[in-house]
Amino acid sequence: MTVHFPFQNSYSALPDSFFARVAPTPVAAPRLIKLNRPLAVQLGLDPDILETPEGAEILAGKTVPAGADPIAMAYAGHQFGQFVPQLGDGRAILLGEVIDKDGVRRDIQLKGSGPTPFSRRGDGRAALGPVLREYIVSEAMYALGIPTTRSLAAVVTGEHVIRETALPGAVLTRVASSHIRVGTFQFFAVRRDTDAIRRLADHVIARHYPDLLGTERPYHALLAGVVARQAELVARWLLVGFIHGVMNTDNSSISGETIDYGPCAFMDAYNPAQVFSSIDEMGRYAYANQPRIALWNLTRLAECLLPLFGEEQDKAVEQAQEILGAFPETFSKAYQAGLRKKVGLFTERDGDEALIQDLLDAMAKNQADFTLTFRRLGDAAGDPAADDVRAEFMDPAAFDEWARRWRERLAAEPQSAAERQTAMNAVNPIFIPRNHRVEAVIQAAVNNDDYAPFDELVKVLAKPYEDQPDYAAYADPPLPDQRVLQTFCGT
Ligand code: AMP
Ligand code: MG
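Residues numbered from 1 in each chain as written. Chains lettered and ligands numbered in written order. Predicted model: local features only at pLDDT ≥ 70, side-chain atom pairs only at ≥ 80, totals over all residues. Heavy atoms only, no water.

**Some details on helix α6 (residues 194–208)**
And step 1. Compared with an ideal rise of 1.5 Å per residue, which puts 15 residues at 21 Å, α6 spans 20 Å between its outermost C-alpha atoms and is within 8% of the ideal.
And step 2. Among all positions of α6, only Ala196, Ile197, Leu200, Ala201, His203, Val204, Ile205, Arg207 and His208 are buried.
And step 3. As for α6, its buried residues are in contact with β6 (92–99), β7 (105–111), α5 (182–189), α7 (218–240) and α8 (290–305). (Helix = DSSP H or I, 4+ residues; strand = E, 2+ residues; numbered from the N terminus. Expected span 1.5 Å × (residues − 1). Buried < 20%, exposed > 50% of the residue type's maximum accessible area, 1.4 Å probe, protein only. Contact = heavy atoms within 4.5 Å.)

Laid out in structure tokens, this is it:
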């Protein structure tokens, strides 16, 4: 039995300047921690064979499977606003692409698989903790219905990586509809390589925006398409309380997927200024700043595309500004529509936005748990006697005052209480990857080689909208002494 990957590689057929050919560095003793079996099947891979020792060797980068064309992709990027002309895959290697069961081309990438020409001073490795965090959170995002890269597997390498201390090394197999970033365009723009920008744009259009093929102004339409997808993506983040943590342009995907889970976290108590990342001292990537930052990143993308917009650069700039100008409205539409659903409104009326904002303001003032407030609000919609939601507010009277106006507004709609609760439960998760749970899972794995907590958390988070009475405790916010105040990149 050998593992067969039905590779059909396209990125490695682009010009040499797009990547460096490099094989993963073999590791001592690969051991499979987790295989995402449904995803394997979706990719046309045999999960049983991937679970054999030979499969683990491939997923650890010890053996390169037939048909792979391993490369490290070149990219640049603004990190916390500072431009770095060359970043690139310093610890990730793209094995190749497969066409999945739905006909979608998907990258299969090893993250933590050894040094590449882009490693700079890094070791090209990943520690177990960040690998588990990315596995948990990316799969949780998928289950929440939010566009994201996926996690196919996690393996430990049997080697240590040196961070502040020696930690177990691990490799994540990441699946993405591509790993092309805003920073990929910036890599060529700073080198004034317009031919490469055009090649890249054509590749992206064919791959991610095929409807634009053959349209009159495909590069303008490409920018508009990325603007729309990013605006909708960030709206989805806000609606579940997700904070990416490092929205650098190199972590901003052209396909519109959430990518590069580092110090990301879900907030417990609602706080628009919430920051978890230890390296985000200025709060640049705070929860409520994310739309503004997405637009800032898209503006950097627009700058890269200007040479493709025509000879007259003044006109090109004007056109780019007009396209970027759509962001606030697209974002706001998606965000407001999502909020209306979260509070159980089926229709749109004047005053809804203010009503919902008043709830959010009361939540912030009363340190209400973001996830549970909305979930319990669904219970209250289903049964007016259900008043658990009040307890989420430090001063429950603040909720009562708001709830009177809310019930009045609900009365203007014909849907039954049960119908409304069902609709609300379908958009208000009960289970999110709470920071203290993620941390506890990592500690068990790193300190005790115990993966049972990881498996259980992943299992619960696969059904975030379903009440799972046996796992009710996973819905709970942290107790004061369980609170995790900071998250780390772990690179
Ligand atoms: P990230 O913060 O993970 O988005 O990474 C930013 C840049 O640093 C990318 O170019 C990564 O490839 C690179 N990088 C991060 N960690 C390492 C590492 N351990 N070894 C080499 N390069 C790294
Ligand atoms: Mg990155």
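Next comes the rest of the write-up.
**A short note on the site of ligand 1**
And step 1. Taken together, 18 residues lie near ligand 1, and Gly88, Gly90, Arg120, Asp123 and Gly124 sit nearest.
And step 2. At 2.7 Å, a backbone N or O of Gly90 approaches an oxygen atom of ligand 1.
And step 3. Surface burial for ligand 1 is 87%, taken as the share of its 480 Å² of free accessible area covered by protein chains.
And step 4. For the shell around ligand 1, the class distribution of residues is two nonpolar, eight polar and eight charged. (Near = heavy atom within 4 Å. Polar contact = N/O pair within 3.5 Å; in protein donor to acceptor, adjacent residues only side chain to side chain. Areas by Shrake-Rupley, 256 points an atom, 1.4 Å probe, with all protein chains shown as cover. Nonpolar A, V, L, I, M, F, W, Y, C, P; charged D, E, K, R; others polar.)

**Considerations on the side chain of Lys34**
And step 1. As for its placement among the helices and strands, Lys34 is situated in strand β2 (residues 31–35).
And step 2. Using a relative accessible area of 16% as the deciding quantity, one classes Lys34 as buried.
And step 3. Looking at Lys34, its side chain comes within polar contact range of the side chain of Asp455, at 3.1 Å.
And step 4. Excluding anything up to four places from it in sequence, Lys34 contacts Tyr135, Leu152, Ala153, Ala154, Phe454, Asp455 and Val458.

**Quick notes on the domain arrangement of the protein**
And step 1. Domain assignment breaks the protein into domain 1 (11–179), domain 2 (183–335) and domain 3 (344–425).
And step 2. Here the C-alpha centroids of domain 1 and domain 2 sit 23 Å apart.
And step 3. Listed by partner, the interface residues are 39 residues for domain 1 and 39 residues for domain 2.
And step 4. In total, about 3,300 Å² of surface goes out of reach between domain 1 and domain 2, with carbon and sulfur atoms giving 60% of it.
And step 5. The largest per-residue losses of area from domain 1 upon contact with domain 2 belong to Phe18, His78 and Phe80, which jointly make up 20% of the total buried on that side.
And step 6. Lys111 serves as the salt-bridge partner of Asp260, at 3.9 Å between the closest nitrogen and oxygen.
And step 7. The interface formed by domain 1 and domain 2 includes 18 residue pairs in polar contact (both at pLDDT 80 or more).
And step 8. Secondary structure elements with two or more residues in the side of domain 1 that touches domain 2: β4 (77–79), β7, α4 (128–144) and β10 (166–176). (Domains from an automatic or database assignment. Buried area = accessible area lost by both parts, 1.4 Å probe. Salt bridge = Lys/Arg side-chain N within 4 Å of Asp/Glu carboxyl O.)

**Quick word on the coordination of the magnesium ion (ligand 2)**
And step 1. Protein-derived coordination of the magnesium ion (ligand 2) comes from Asn251 (OD1) and Asp260 (OD), at a distance range of 1.9 to 2.1 Å. For the pair Asn251 and Asp260, one class covers both residues: buried. (Donors = N, O, S within 2.8 Å, 3.2 Å for Na, K, Ca; no water.)

**What about the packing of aromatic side chains?**
And step 1. For the structure on display, the rule yields 18 aromatic pairs.
And step 2. With a centroid separation of 5.4 Å and an interplanar angle of 15°, the aromatic rings of Phe331 and Tyr335 are classed as stacked. Here Phe331 pairs with Tyr335, and both are found in helix α10 (residues 327–342), just four residues apart, close to one helical turn. For the pair Phe331 and Tyr335, a shared accessibility class is recorded, and that class is buried.
And step 3. The structure contains a cluster of three or more aromatic residues connected by ring pairs, namely Tyr11, Phe18, Phe187 and Phe188.
And step 4. Across from the ring centre of Trp296, 4.8 Å away, lies the NZ or CZ of Arg284, which sits over that ring.
And step 5. One residue, Arg300, lies across the ring of Trp296, its end atom 4.4 Å from the ring centre. (Phe/Tyr/Trp six-rings, centres within 6.5 Å; stacked < 30°, edge-to-face > 60°. Lys NZ or Arg CZ within 6 Å of the ring centre and 35° of its normal.)

**Topic: helix α14 (residues 417–425)**
And step 1. Regarding α14, the residues found buried are Arg420, Met424 and Asn425. Along the axis of α14, the buried positions cluster into a sector of 130°, meaning they face one direction only. Among the exposed residues of α14, those oriented more than 90 degrees off its buried face are Ala418 and Thr422.
And step 2. In this fold, the buried residues of α14 make contact with α10, α12 (370–382) and α13 (396–410). (Arc of directions from axis to C-beta.)

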